[in-house]
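# Structure at a glance
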Amino acid sequence: MRMPNSKRYYWRKSKNIVMTVLCLLSVLIAVIPLFLIFSYALSQGIGALNLDFFTKMPKPVGESGGGMANALVGTAILIGLGSLFGLPISIFTGIYLAEYGENPFAKTVRFLTDVLSGIPSIVVGVVAYIMVVLPMKQFSAFAGGVALGILMIPTATRTTEEMIRLVPHSFREAALALGIPRWRVTLRIVLPTALKGITTGILLAIARAAGETAPLLFTALGNRFWSTDIGHPIASLTVFIYDYAKAPFEDWNRQAWAAAFVLIFFIFIINLIFRFVTRGRYAGNGH
Amino acid sequence: MKSLTIALLIFVLSLVAVETTLSQMKLNGAGATFPYVIYSKWFDVYSQKSGVQFNYQSIGSGGGIKQTIEGTVDFGATDGPMSDDQLKQAKEKQGTDVLHIPTVMGAVVVTYNLPSAGKDLRLSPDVLAGIFLGQIRKWNDAKITAINPGKSLPDQSILVAHRSDGSGTTSIFTDYLNKVSKTWALNVGKGTSVNWPAGLGGKGNEGVAGLVKQSDGAIGYVELAYAVKNNIAYALLQNREGVFVEATYESVSAAAAGAIKNMPEDLRVSITNAEGKNSYPISGFTWLLIYKNMKDKSKAQEISKFLTWSMGEGQSYAKDLFYAPLPQGVVKLCEKKIHSIVTQ
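Residues numbered from 1 in each chain as written. Chains lettered and ligands numbered in written order. Predicted model: local features only at pLDDT ≥ 70, side-chain atom pairs only at ≥ 80, totals over all residues.

## Topic: unusual backbone geometry
Residue and element names in this part refer to chain B.
- One non-glycine residue, Leu 267, lies in positive phi territory at about 65°.
- If you trace the backbone, Leu 267 turns up in the loop between α11 (249-259) and β11 (283-291).
- For Leu 267, a count of 18 C-beta atoms within 10 Å puts it in the partly exposed group.
- In this model, Asn 273 sits at a positive phi of 55°, which is unusual for a non-glycine residue.
- For Asn 273, the location among the structural elements is in the loop between α11 and β11.
- Under the C-beta neighbour-count criterion, Asn 273 is labelled buried, with 22 such atoms within 10 Å. (Helix = DSSP H or I, 4+ residues; strand = E, 2+ residues; numbered from the N terminus. Buried ≥ 20, exposed ≤ 12 C-beta atoms within 10 Å, placed from the backbone.)

Take a look at the structure:
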């Protein structure tokens, strides 16, 4: 066994330590804002966070109690509708781009998807307003779902594509060599291998949609009453936050913070669930 | 995964099922932010009383007018009346006239942060316009000290705070300055957002209130509720009759009473700089926009019933929520308007 050249060895060792510390610091700095938002929302909203918040209907200013049960259900329905409209399109487009995507048409689609991801969400809201609300002469959860669906498309499409691209080519070749048709290779080999990544993409898309206010203002509108009818205006947490945060009344401000906290927590929980569901699947394979 | 999805689907479907069995009369409205608090109170109380749900969303006055024209709502709301052109558009698109029904009133107050001056600083229209035009720059300017005998005003710069976003509050405030100052009318004008000659912008009432609260020597304008709730001092304003008036529910109602004489038939009126000794000069109505002849007559009946309720019992909720109730004379005019809604 050769002893390392001690001077050189320590130089390398110390470089390693310095870089590791720098990396850790960066991670900390990246995490601090999230932590701050989380703790601030909690500290401001804790007074309004109780069982009533989840089970009761909103009360007007001056009456104590009341919650956002309708907004919680409304947000869930809106995300559900958004996923229903946006995700199938995104996943199929992603598959197409990754598996068959070396032609001018696909390149155009890819470019347009990137453009779409840069469009401000309020513009998407206006589009949904013109396409759905005006012809139906009615604000509705359906219109809100369309807006959120459109917003989900770029994130979900591009992550699906990237994740499918990461599946090693040898997998496909091996399957094709066994005489399996290409559609089946995609469906049975490529997709399951990329599932974890795709789920993360879906998750990002849902998280983006859940936090949107602007596209809902002119589509789902909002509702102070209990409504799950997708043909009618529906409540959502973000629109409630928007309304309540502006008001000069402390109990509404507190509820806005509580809603913000619940929203962040909700996104955090979906994250955990999806991690759990996709845990260990094809671990060690793929990427 | 699959069973989870199915369970979720069943859950959602069952909710929808519950919903349709409990079918109630539901009306949707949208518009002005300023009356959102009292409207949410009214519609909550009224739905418990009558079982009719009026869903009101505060998307802003401009939005309320637009949606009324497009017919995507059953009623609209605004802090500034619709223009003749907008009324014409609504008539063309919806085939019916739109009525303006005043519901409550509000005041815009001039808040300031000047601890040495204490409360009840006096401002005249001239001085106010001068400050917001950037012509009066110091708190100890001769024009300010002349109307504030006995107050020690420091040799300090005035920091002007205004709204950076479009708003009904700005609309009322600039409407007032437009009436009292020729220089203002010529150079700035009125509207929901104007090209401010001086000062810093803050977003929303809370933004301006924050700016004023944090900066020594600042002056700004906010809705009365924000000044009271945030405990910031606001100035006495000199009205048309030369009296310095504090913004209170009474002085705002007085402004409306002073305006009754010249009330146009369609109730679209600005009550800034109104007549009357006790009138607070920067006051304004907020209106509900109602279709005179709705296609759905059962909805028209419910709206008419609700409006009648709002003119009576509804008015009693105003003061607690920092709005001024309508004076009796205006209520009479409104009731006449409400009767003109076609319900058969």
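## Here we look at the environment of Val146(A)
All names here are of chain A.
- Counting through the fold element by element, Val 146 comes out in helix α6 (residues 141-165).
- Expressed as a C-alpha distance, the spacing of Val 146 and Thr 219, which sit 73 residues apart in the sequence, is 8.7 Å.
- What Val 146 contacts, discounting residues up to four positions off in sequence, is Phe 85, Ala 128 and Val 132. (Contact = placed C-beta atoms within 7 Å.)

## A short note on the interface of chain A and chain B
- Taken together, the contacts link 27 residues of chain A with 32 residues of chain B.
- Of the residues assigned to the side of chain A that touches chain B, the class counts are 13 nonpolar, eight polar and six charged. (Nonpolar A, V, L, I, M, F, W, Y, C, P; charged D, E, K, R; others polar.)

## Re the domain arrangement of chain B
Residue and element names in this part refer to chain B.
- Under the domain assignment used here, chain B contains domain 1 (2-105 + 285-339) and domain 2 (107-261).
- Distance between the C-alpha centres of domain 1 and domain 2: 32 Å.
- Contacts between the two partners involve 15 residues from domain 1, matched on the other side by 15 residues from domain 2.
- Elements supplying a minimum of two residues to the side of domain 1 that touches domain 2: α3 (61-70) and α13 (328-339). (Domains from an automatic or database assignment.)

## Structural notes on the sheet that holds strand β10 (residues 244-245) of chain B
Residue and element names in this part refer to chain B.
- The strand order β5-β9-β10 describes an open sheet built from three strands, whose pairing is mixed. The open sheet has two free edges, formed respectively by β5 (122-123) and β10, since each of these has just one partner strand.
- When β5 meets strand β9 (residues 236-238), the two strands line up parallel, connected through two bridges. Bridged to Leu 123 within β9 is Leu 237. (Pairing = 2+ DSSP bridges.)

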